Structure formats: C-alpha cells, structure tokens
Amino acid sequence: VPSCMGQFGMLNNKNQPPREDDIDATSREDMQKYMLVAAKLQAAAPIPSQDAVDLAAVLDALLHDPETKKMVENLQKADGRKASLEAFSDSLTQKEIVESLKQTLDELKALEYLFQDPARAVLEMHKDGMVPENRLKFYKKNPEQLEEDTRKGLYFSFVSLAVAGGFL
C-alpha cells in the first residue's frame, strides 16, 4: 500500500508517500473499515486477501481526496459522462470490476519499478505497443511525461472502475 498511496497524490504532511511505520500505526477503526471493504471485494471476485486490503485502503484514501471527489462528481453529473458511466457499469459484472481494479492497482505499483530507468521504460512500453510511433520521439526526450501520462490514465481508469462498481 505505501507505494500506491503516493501515486494518487495523497502524501503525508511531509510531502512524502506514507512509510511502512505510518501504515503500521493505522488505527484499528481504519483497519476494520478496510477489512469490511476487502470482504466485499473478495465476495465479488476471488482476489488474495492482501490485494483486497490494499484496494480497500486506496479506495478509502480516494474517498477523502479532494481531487478525486471532484472527478467523481463530474463523472456522475455530466449528462454525457453519466450515460457513458452507466453504460460502462452495465457492461461489466461486479467480478470484472473488482478484477480490473486489482489489475489497475498492480499496474500502478509496477510503474514505480518500470520508471526506475525512464529511458528504458519508454523503449519497453513502445515495444509492447503502449507508445504510439508518433509520440516516441517526444517521450524519449521527456520520459517523465510518459510516466505522468501513464499514471494519470491509470488513475482515471481506477476511479472510473471504482465509481462503476459503487466503491466511490
């Protein structure tokens, strides 16, 4: 959880992602809340317990994040977006939503590892078809922009899935 919490822009008061000590100090009340959400996630899809708790912690943090609150409001009130969100929600089962949330969180966690070498990340993502040919030159010069664009896309996907699944 520590590595993914900072990815959504939720930093502690020192502008650092939460440390393992901070997570260990999580109140029992918070942990009970996470366990309830984790149980709902696991009831919907067969995901490992730790993944369910990680997802629950991120979902809880997103509920309190002002940027995410605005995004959720915009998704739910804009006529065209609301219709698209409803169609998206109707097209997926709860199991598919939970599995997609887990996959998206895994991808966010993988970004930390992938972008330890930004130049190589650009090449690897291009090789996997994730960087269009017309953007390759730009991203080679600006690999941090690829990381930011990828993170934003995954963040939007995660929030959209969470809203569609009724978790936000």
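Look up a bit, the structure's there.
Calculation rules
Residues numbered from 1 in each chain as written. Predicted model: local features only at pLDDT ≥ 70, side-chain atom pairs only at ≥ 80, totals over all residues. Heavy atoms only, no water. Helix = DSSP H or I, 4+ residues; strand = E, 2+ residues; numbered from the N terminus. Buried < 20%, exposed > 50% of the residue type's maximum accessible area, 1.4 Å probe, protein only. Contact = heavy atoms within 4.5 Å. Expected span 1.5 Å × (residues − 1). Salt bridge = Lys/Arg side-chain N within 4 Å of Asp/Glu carboxyl O. Core = buried A, V, L, I, M, F, W, Y, C linked by side-chain atoms within 4.5 Å. Axes fitted to C-alpha atoms, helices over the stretch in contact; angles between N-to-C directions. Parallel < 35°, antiparallel > 145°, perpendicular 65-115°, else oblique. Nonpolar A, V, L, I, M, F, W, Y, C, P; charged D, E, K, R; others polar. Left-handed = near helix turned anticlockwise from the far one by under 90°.

Novice: Give a description of the overall build of the protein that names residues and reports values.
Specialist: Looking only at helices and strands, one finds ten helices and zero strands in the protein. Counting from the amino terminus, helix and strand elements in the protein follow one another as α-α-α-α-α-α-α-α-α-α. In the protein, which comprises 168 residues, the share counted as buried stands at 39%. Taking contacts inside the protein between residues at least 6 apart in sequence as the whole, the part at least 24 apart equals 65%.

Novice: Describe helix α4 (residues 49-63), naming the residues involved and giving the relevant values.
Specialist: Between the first and last C-alpha of α4 there are 21 Å, a value that for 15 residues agrees with the 21 Å anticipated at 1.5 Å per step. Here α4 lies mainly inside the structure; twelve of its 15 residues are buried. Looking at α4, one finds that the buried residues are Asp51, Ala52, Val53, Asp54, Leu55, Ala56, Ala57, Val58, Leu59, Asp60, Ala61 and Leu62.

Novice: Quick rundown of the pattern of salt bridges? Include the residues and the values.
Specialist: Summed over the entire model, instances satisfying the criterion amount to ten salt bridges. A salt bridge links Asp51 to Lys102; its shortest N-O distance comes to 3.3 Å. Note that Asp51 is positioned in helix α4 and Lys102 in helix α7 (residues 94-114), a separation of 51 residues in sequence. Judged on exposure class, the residue Asp51 and its partner Lys102 are both buried. Overlapping salt bridges, with partners in common, bring together Asp30, Lys33 and Asp60 in one network.

Novice: Could you give an account of the nonpolar core, with specific residues and numbers?
Specialist: Of all hydrophobic cores here, the largest spans 30 residues; its most connected members are Leu41, Leu101, Phe158, Val159, Phe167 and Leu168. If you list the elements that add at least two residues to this core, you get α3 (28-44), α4, α5 (66-77), α7 and α10 (143-164). The element contributing the most residues to this core is α4, with eight residues. If you look at the next biggest cluster of nonpolar residues, it comprises eleven residues, including Leu108, Phe115, Ala121 and Leu146.

Novice: Give a detailed account of the packing of α4 against α7, specifying residues and quantitative values.
Specialist: Viewed as axis vectors pointing N to C, α4 and α7 meet at an angle of 80°, and their least axial separation amounts to 10 Å. With respect to α7, the element α4 is oriented roughly perpendicular. Contacts between α4 and α7 involve Asp51, Asp54, Leu55 and Val58 on the former and, on the latter, Val98, Leu101, Lys102, Leu105 and Lys109. Partitioned by chemical class, the residues of the contact of α4 with α7 number five nonpolar, no polar and four charged.

Novice: Tell me about the side chain of Asp60, and please be specific about residues and values.
Specialist: With respect to the helices and strands, the residue Asp60 is situated in helix α4. The exposure class of Asp60 is buried, given its relative accessible area of 11%. Those residues in contact with Asp60 that sit more than four places away from it in its chain are Lys33 and Tyr34.

Novice: Which residues make up the packing of helix α8 (residues 118-127) against α10, and what values go with them?
Specialist: The packing of two helices is summarised by the inter-axis angle and the distance between the axes. Interaxial distance between α8 and α10 falls to 8 Å at its minimum, and their mutual angle equals 60°. Comparing their axes, α10 and α8 come out oblique. Note that α8 runs across α10; the crossing there is left-handed. Contacts between α8 and α10 involve Pro118, Ala119, Val122 and Met125 from the first element and Pro143, Leu146 and Thr150 from the second. When the residues that make up the contact of α8 with α10 are grouped by side-chain class, the tally is six nonpolar, one polar and no charged.

Fair warning: the whole summary comes from geometry, so function is off the table for now.
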